[in-house]
Amino acid sequence: MKKTLIRLAHLLPMFCFVLSAAGCNAVMPDRFIDDDPEEEFGDNDYMEWSRETLAAINRDLRIEGTDSYYENQNRNQVSFIWGNIFLLYTYAEGAGLRADEWEGELSRCFLNLENHWSPDYRGIGGYCTAPLSSGAPDRYYDENGWMAIGLARAYELTGREAYLAKAREALGFTLSGEDDVLGGGIYFQETFTQYEPQKNTICSAVAILASMQLYELTGEESWLEHARRIERWTSENLLDAADNLLWDAKMVDDGEVNTRKWSYNAGFMVRGWLRLYKATGEERYLTQARNTLAAAEKQWYNSLNGALNDPGYFAFALVDAWFDLYDMNRDKATLMKALRAIEFIHESLKDANGRYPEYWSEPLSEPVAEYDLRMESCVAYLYMRAAGYFEQQ
């Protein structure tokens with residue numbers, strides 16, 4: 001396998017200056033960015049960056065003798081599912097690029113995630129946020145949608161039927177959280193032991209994306225119907241028409257809206273709208289995807305240096321959205337945004353130990369002392385996904 005994009009970027013002498021016009025106080029990077037990702041980023045070895053990040057994760061958080069991980073630097077609690085989901089995403093992308101190196105890792109990750117699977121609690125199987133051995137199942141509808149996305153991608157890239165079967169089951173659990181209360185929408189948690197009953201944008205967003213993946217992989221119309229129905233309710237109830245961003249949730253008891261806005265709600269919804277447009281040809285989906293992505297860039301993206309002003313385990317979804325839009329429009333400017341954000345992560349956020357902070361908004365000024373699996377594994381995932389644009393089998 002060879003890199004297809006190998007032209008070295010033109011590096012200028014290092015300097016920085018502070019731009020103080022219009023209230024801006026941003027430090028310019030030491031590289032001028034042109035409009036050609038081949039020139040600017042073709043010398044970056046994204047897969048190696050992912051390897052290095054995974055090695056740091058294994059050093060810091062791997063539970064010796066197992067394929068499981070501690071949740072954080074305290075090393076006193078087994079990890080929740082979220083960080084492991086990013087590992088699933090990482091290894092799926094890797095397996096699609098270099099099966100001999102990554103397919104075994106993908107298989108081991110999949111088997112480790114089986115420790116979170118509750119086969120028949122309350123009459124339906126679903127992934128728990130903690131390993132089943134931790135006690136009574138605690139299951140979130142959004143996390144099962146995240147799992148379905150990764151499993152569908154793993155099936156797409158490897159053809160292994162076990163991944164498709166489990167994607168169906170995981171998404172089936174997510175869809176079981178939908179009812180007619182508030183006119184539709186998907187609950188956040190199965191039992192609401194920790195939160196007030198609510199229906200969240202992220203639950204809808206991952207359900208839409210996973211449904212569209214399964215529609216594309218199987219041709220079964222029911223998945224498209226699920227996606228269209230859930231999108232309609234979400235757009236009517238949780239899309240802020242004033243700025244094209246998504247509110248976080250609608251509370252079940254009184255119908256009040258939690259108006260907090262997170263980047264991952266925008267990113268996942270954009271990805272779903274793009275696939276709905278691809279499947280139906282309805283322009284409204286593409287228009288909304290573009291409008292929301294533009295609004296998200298204005299809200300969270302620093303175009304001067306590539307920083308994203310949100311926690312990485314949320315902000316990664318915007319990078320994914322740029323990649324998906326580039327896959328559709330082949331516009332180099334779209335790809336540039338994704339690669340600039342990734343370059344900022346690598347050059348400005350990595351400490352000497354290969355660890356990354358929670359927020360991706362400012363260059364790192366001191367070593368990362370507190371970290372968890374999701375903070376690190378979401379970085380490994382983006383590096384591996386970026387590798388797909390610079391590698392060929």
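Nothing here was measured: the structure is a model prediction, and the numbers come from that model.

1. Description of the state of the cysteines
For step 1, the next point in the chain: Overall, the coordinates contain 0 disulfides when judged by the stated rule.
For step 2, the next point in the chain: A disulfide-free cysteine, C203 has its sulfur positioned 16 Å from the sulfur of C128, the nearest such atom.
For step 3, the next point in the chain: Judged by relative accessible area, C203 falls into the buried class, the value being 0%.
For step 4, the next point in the chain: Free cysteine: C378, not disulfide-bonded; nearest cysteine sulfur from C109 at 15 Å.
For step 5, the next point in the chain: Its relative accessible area of 1% is what places C378 among the buried residues.

2. With respect to the side chain of D240
For step 1, the next point in the chain: In this fold, D240 is placed in strand β6 (residues 239–240).
For step 2, the next point in the chain: Separated by 2.9 Å, the side chain of D240 and the backbone nitrogen of A242 make a polar contact.
For step 3, the next point in the chain: Setting aside residues no more than four positions away along its own chain, D240 makes contact with L245, W247 and K261.

3. Focus on the sheet that holds strand β9 (residues 257–258)
For step 1, the next point in the chain: Here 3 strands make up an open sheet; going across it, the order is β5-β8-β9 and the pairing antiparallel. Each having just a single partner strand, β5 (198–200) and β9 make up the two edges of the open sheet.
For step 2, the next point in the chain: Pairing of β5 with strand β8 (residues 249–251), which is carried by 3 bridges, proceeds in the antiparallel orientation. The residue of β8 that forms the bridge with N200 is A249.
For step 3, the next point in the chain: Sheet strands touched by helix α8 (residues 221–238): β5, β8 and β9. Its angle to β8, the strand with the most contacts, is close to 75 degrees.

Cut-offs used in this document
Residues numbered from 1 in each chain as written. Predicted model: local features only at pLDDT ≥ 70, side-chain atom pairs only at ≥ 80, totals over all residues. Heavy atoms only, no water. Disulfide = S-S within 2.5 Å. Buried < 20%, exposed > 50% of the residue type's maximum accessible area, 1.4 Å probe, protein only. Helix = DSSP H or I, 4+ residues; strand = E, 2+ residues; numbered from the N terminus. Polar contact = N/O pair within 3.5 Å; in protein donor to acceptor, adjacent residues only side chain to side chain. Contact = heavy atoms within 4.5 Å. Pairing = 2+ DSSP bridges. Axes fitted to C-alpha atoms, helices over the stretch in contact; angles between N-to-C directions.

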